[in-house]
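# Structural features, examined
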Amino acid sequence: MHGRAETDDASPLSIKAMIDARVAALPAQARRLLEVIAVAGRPIERAVAARAASVGDEEPSIVGLLRRERLLRAISDGHSDRIEPYHDRIRETVIAHLDPETTRGHHARLAPALEATGRADPETLAVHFLGAGDAVRAAAFSHQAADAAFEALGFDRAARLYRQALALGGADEETRRTLEARLGDALASSGHSADAAEAYVRAARGAPADEALALRSSAAERYLVSGRIAEGMAVMRSVLDATGMSMPATPLGALVRMLPLLALLWWRGLQFRERPASALSAGERLRIDACAALATSLGMVDPLPGMYFLKRFLWLALRAGEPHRVLRALNYDSTLSAARGRDLPTRYEDRLARTAAALVERLGDRNAQ
């Protein structure tokens, strides 16, 4: 039964016929183990595959047979022994012959066998629980996988997995809102601002008042950044109204409002008393973040209102003392000042840069950097 090894220049039909013949001649347990390994979709630990295929003590002899038939190969990295189909064509051919019920059964045995190791990554578990028809557990592991991808800065992958978790359904309202908000963060981080805005709007529906306002502020910023100015301004006006702030009616009105802020900033300087984010009230956070959103998004389309909200952002951040918000305000003010194109920085610009650099060094975390 060893036959001639398939080669890349053999015709696909002859290779398929060769694989079919080899698989059909296998004993039942060997065929079941090969099917499980094919459904696994990636190299799998021998012990896990044996457990999922229920081959028991026969595993060594079955693996030996499959290796001799060039249907299986072993991989050892010094820590674990894993096995996989000898060639992708073998995997594809074996899976093509499986009926849906058999495939679902293999997924249903693989999922708990992998989970029991404590080493399987959440995305793999999501695939197998979904293949087994358990949408609830598949959604939970998709959520975990998305969070891990986000932390690893894999924002596109995180967005895909958050969408998968949402599409699978079964989540309570709080979890749904969390998933939508995290989807918005992933989309915003990967440059898909308009889609991020839509996700934030969905996350805001049914959320507690303060949380809903913060999400709508994020949505407004993403709309504005993506060029959907009318939608962004409509959402932002509702946020400003809820926080006791308002949009200047004209550029002149923005300038009139800004002059006292400039005087206050000149008088107090850039010093602040540091407080953790948890010490800020929801209202403080929302007002600061709304001004930040307007400062960063209006600067290109309506400079004077954008500058007004930048100075208000800096003033509020310094008063609140939360270091990451202070750093963001210093950074944006410094960036806009540098963009004016002077050969040498002014004393104020130099002070901004030195204050920001000292704050980054003191904080020393990834977000600050």
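Look a little higher up for the structure.
Below or above, wherever it landed, is the structure these notes cover. (Residues numbered from 1 in each chain as written. Predicted model: local features only at pLDDT ≥ 70, side-chain atom pairs only at ≥ 80, totals over all residues. Heavy atoms only, no water.)

Another point: the overall build of the chain. Secondary structure assignment for the chain yields 18 helices and three strands. Expected size for 369 residues packed as a compact globule is a radius of gyration near 21 Å; at 29 Å, the chain overshoots this value by more than 25%. Dimensions of the chain, computed from the C-alpha atoms along their principal axes, are close to 90 × 45 × 40 Å. Burial status across the chain gives 43% buried among its 369 residues. Sequence separation of at least 24 residues holds for 59% of the intrachain contacts in the chain that already meet a minimum separation of 6. Roughly 18700 Å² of accessible area belongs to the chain as shown, and the carbon and sulfur atoms make up 54% of that amount. (Helix = DSSP H or I, 4+ residues; strand = E, 2+ residues; numbered from the N terminus. Rg over C-alpha atoms; globule rule 2.2 N^0.38 Å. Buried < 20%, exposed > 50% of the residue type's maximum accessible area, 1.4 Å probe, protein only. Contact = heavy atoms within 4.5 Å. Areas by Shrake-Rupley, 256 points an atom, 1.4 Å probe, with all protein chains shown as cover.)

This part is about unusual backbone geometry. With a phi angle near 55 degrees, R70 is a residue other than glycine that sits in the positive phi range. Of note, R70 is situated in the loop between α4 (59-68) and β2 (72-76). Its identity as a non-glycine residue notwithstanding, L153 has a phi of 70 degrees, on the positive side. Mapping L153 onto the fold places it in the loop between α8 (135-151) and α9 (155-168).

With that out of the way, let us pick up the sheet that holds β2. Strand order in the open sheet made by the three strands is β1-β3-β2, with antiparallel pairing throughout. Every other strand in the sheet has two partners, leaving β1 (44-45) and β2 as the edge strands with one partner each. As paired strands, β2 and strand β3 (residues 81-85) are joined by five bridges and run antiparallel to one another. Residue pairing across strands places A74 opposite I83, the latter belonging to β3. (Pairing = 2+ DSSP bridges.)

All right, on to helix α18 (residues 347-363) then. Between its first and last C-alpha, α18 extends 24 Å over 17 residues, near the 24 Å set by a 1.5 Å rise per residue. Three or more residues of α18 are buried, namely E349, L352, A356, L359 and V360. Taken end-on, α18 shows its buried residues confined to a sector of 100 degrees, consistent with a single buried face. Facing away from the buried side of α18, by more than 90 degrees, are the exposed residues R347, R354, E361 and R362. At the exit of α18 stands G364, carrying a positive phi of roughly 60 degrees. (Expected span 1.5 Å × (residues − 1). Arc of directions from axis to C-beta.)

This next bit is on the nonpolar core. In terms of nonpolar packing, the biggest core is built from 47 residues, with M236, L294, F309, F313 and L330 touching the most fellow members. Broken down by secondary-structure element, the contributors of at least two residues to this core are α12 (209-225), α13 (229-242), α14 (251-268), α15 (282-298), α16 (303-320), α17 (323-338) and α18. The leading source of residues in this core is α16, at eleven residues. Within the second largest apolar cluster, 37 residues are counted, among which are I19, L34, L71 and A126. (Core = buried A, V, L, I, M, F, W, Y, C linked by side-chain atoms within 4.5 Å.)

A few words on the packing of aromatic side chains. The final tally for this structure, using the stated rule, is three aromatic pairs. The ring of F150 has R182 lying over it, and the distance from NZ or CZ to the ring centre is 4.5 Å. (Phe/Tyr/Trp six-rings, centres within 6.5 Å; stacked < 30°, edge-to-face > 60°. Lys NZ or Arg CZ within 6 Å of the ring centre and 35° of its normal.)

Turning to the packing of helix α6 (residues 100-117) against helix α7 (residues 122-131), a few remarks are in order. Orientation of α6 relative to α7, taken along the N-to-C sense of each, is 145 degrees, at an axis distance of 7 Å. Two packed elements cross with a definite hand, and for α6 against α7 that hand is left-handed. Where α6 approaches α7, its residues R104, H107, L110, A111, L114 and E115 are matched on the opposing element by T124, L125, V127, H128, F129 and G131. Across the contact of α6 with α7, the residue classes break down as six nonpolar, four polar and two charged. (Axes fitted to C-alpha atoms, helices over the stretch in contact; angles between N-to-C directions. Left-handed = near helix turned anticlockwise from the far one by under 90°. Nonpolar A, V, L, I, M, F, W, Y, C, P; charged D, E, K, R; others polar.)

Let us look at the pattern of salt bridges. With the rule as written, the count across this model stands at 20 salt bridges. Two residues, R182 and D147, come together in a salt bridge whose shortest N-O distance is 3.5 Å. One end of the pair, R182, is in helix α10 (residues 173-189); the other, D147, is in helix α8, with 35 residues separating them in the sequence. Taken together, the shared-partner salt bridges connect E123, R157 and R160 into one network. (Salt bridge = Lys/Arg side-chain N within 4 Å of Asp/Glu carboxyl O.)

To continue, consider the environment of D121. Relative to the helices and strands, D121 resides in the loop between α6 and α7. Among the residues examined, D121 registers a relative accessible area of 30% and is labelled partly exposed. Separated by 103 residues in sequence, D121 and M18 have C-alpha atoms that sit 35 Å apart. Of note is the side chain of D121, whose polar atom sits 3.3 Å from the side chain of R42. (Polar contact = N/O pair within 3.5 Å; in protein donor to acceptor, adjacent residues only side chain to side chain.)

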